[in-house]
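# Observations on the three-dimensional arrangement
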Amino acid sequence: MSTTPVENDLSTFIGLFGAERRPDPYPDYRRWRERAAVAVLPGGMVAVSGLAEATQVLRDSAFGHPDPEFLAPEDRRPDEPVDERGRVVRSFLGLNPPDHTRLRRLVSKAFTPRTVERLTPRIEELAATMVGRIAEAGEADLMAELAAPLPVEVISELLGVPLDDRERFAAWSHAMARALDPDFLLAPEVREPAVRARQEFVAYFRELAAVRRRDPGEDLLSTLVTAADDGDRLSEGELLVTLTLLLTAGHETTTNLIGNGVLALLRHPDGVGALGPGGELAEGAVEEVLRYDSPVQLTMRTALRDTVVGDVAVAEGGQAIVLIGAANRDPAVSADPDVFDPSREPGRHLAFGQGIHFCLGAPLARLEGRVVFRELARRVPQLRLAGEPRWNPTTTLRGLAALPVTR
Ligand code: HEM
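Residues numbered from 1 in each chain as written. Predicted model: local features only at pLDDT ≥ 70, side-chain atom pairs only at ≥ 80, totals over all residues. Heavy atoms only, no water.

### Digging into the overall build of the protein
Heads up, the condition is: A helix here means a DSSP run of H or I that spans at least four residues, while a strand means a run of E at least two residues long, and both kinds are numbered starting from the N terminus. The quantity called the radius of gyration is restricted to C-alpha atoms. Its globule counterpart is 2.2 Å times the number of residues to the power 0.38. Here the accessible surface of atoms and residues is derived via Shrake-Rupley with a 1.4 Å probe, and residues count as covered only by protein chains that are part of the display.
From N to C terminus, the protein includes 16 helices and 12 strands. The C-alpha atoms of the protein give a radius of gyration of 21 Å, which matches the 22 Å a tight globule of 407 residues would have. Overall, the C-alpha framework of the protein stretches about 60 × 60 × 35 Å when taken along its three principal axes. With the model as given, the accessible surface of the protein reaches about 17800 Å², and the carbon-plus-sulfur share is 51%.

### Notes on the pattern of salt bridges
In plain terms, the rule: Salt bridges are defined by distance alone: a side-chain nitrogen of Lys or Arg within 4 Å of a carboxyl oxygen of Asp or Glu. For every residue, the accessible area obtained with a 1.4 Å probe (protein chains only) is divided by the maximum for its type, and the residue is called buried under 20%, exposed over 50%, and partly exposed between those limits.
Under the defined criterion, the tally for this structure stands at 21 salt bridges. Residue Arg122 pairs with Glu153 through a salt bridge whose shortest N-O separation is 3.7 Å. Of this pair, Arg122 sits in helix α6 (residues 120-137) while Glu153 sits in helix α8 (residues 149-159), placing them 31 residues apart in sequence. Looking at Arg122, the relative accessible area reads 23%, which means it is partly exposed. The closest approach of N and O atoms between Arg196 and Glu192, which form a salt bridge, is 3.8 Å. Of this pair, Arg196 and Glu192 both sit in helix α10 (residues 188-214), four residues apart, which is roughly one turn of the helix. For Arg196, a relative accessible area of 41% corresponds to the partly exposed category.

Nothing here speaks to function; it is all geometry.
Have a look at this one:
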């Protein structure tokens with residue numbers, strides 16, 4: 001595989017993400033990867049599509065995130081908490097050590113394997129009810145009936161959002177998830193609703209946090225409020241951006257794991273039945289979906305000093321676009337990477353990232369995927385596609401808006 005530094009023009013690169021490529025971006029990803037695992041773009045940017053090179057960027061301390069901006073009082077927006085020095089408060093996803101280390105540790109203490117384990121019966125109950133409804137209806141949009149509502153119920157339950165508020169919560173999350181694309185891909189019409197959603201979300205959580213501070217429950221929000229109250233604490237701003245992170249990172253990604261996974265299964269010759277009569281292959285199938293059609297397709301890093309990726313020099317300040325979806329189909333790592341095979345030995349993939357920012361919610365996402373796939377295999381092994389699926393108009397998060405199915 002070549003990593004020869006060939007300069008590409010930005011519009012050809014952006015073309016990779018055009019609407020017509022949405023149903024299957026992978027042939028174009030392959031062409032980019034075959035030409036250069038690290039492709040040089042104008043403005044000191046590189047696009048990284050080889051798995052080894054992408055892993056290096058995510059693990060290397062030479063790459064990280066630029067420092068948060070200082071904002072003058074007149075430039076501050078109500079949806080963006082600022083610290084006492086006037087710097088934008090970022091969630092730890094966008095921070096470098098030592099700030100990242102401190103905040104991730106505080107949240108990890110609240111979001112333990114036991115917290116996730118405790119959700120298992122509830123996830124099973126939700127999956128049984130939702131899949132049961134699809135089985136009874138005969139025809140359904142699987143996104144509306146299962147893939148979208150299940151993760152929002154789970155994350156709401158985890159955070160401790162009252163039942164009545166979950167619909168509003170889902171709408172904010174969807175609006176914010178649409179605006180996660182890098183600036184060069186972001187359509188102006190998604191920016192405004194996302195800013196509004198964030199404002200409403202932050203105002204909502206400011207109130208709910210105050211309630212939980214007075215009267216803590218068993219939920220993650222109460223634990224985070226308590227974590228904020230002993231010794232090393234989360235400031236109010238940090239608490240609010242952490243909650244926003246957990247919602248956006250934990251909702252639509254898992255929706256897309258379920259949706260992309262069911263679509264891949266329905267296109268497999270054995271359909272959902274490929275998982276075995278009791279869904280025995282569900283666990284491996286989750287890993288295969290993550291590799292084959294990753295819910296998060298790209299992430300960005302900035303070179304914090306001059307460095308080299310593959311054999312390409314990246315100057316301090318240069319951006320690296322890590323093409324997770326492309327790297328996951330690198331033939332150097334998986335044989336027949338374009339074949340979806342739920343029975344294959346789980347291979348290496350970057351669907352949850354790598355290094356210090358490795359997904360904190362991976363055990364929860366895997367649990368939800370496993371439970372849903374198993375339930376589908378048991379209840380509706382004969383499920384079929386009932387029409388063309390429709391893709392969301394987003395790039396960072398790859399997922400379906402509609403998935404018509406019939407049994
Ligand atoms: C980070 C993917 C579900 C919480 C990440 C990253 C990826 C990712 C790729 C790293 C981003 C980067 O390095 O720039 C996914 C996928 C999911 C999923 C594909 C579902 C299939 C969840 C869930 C939660 C969650 C359910 C929590 C409830 C987080 C958090 C981080 C993160 C907090 C930031 C970690 C850090 O910066 O240290 N996720 N995620 N994710 N994810 Fe997930």
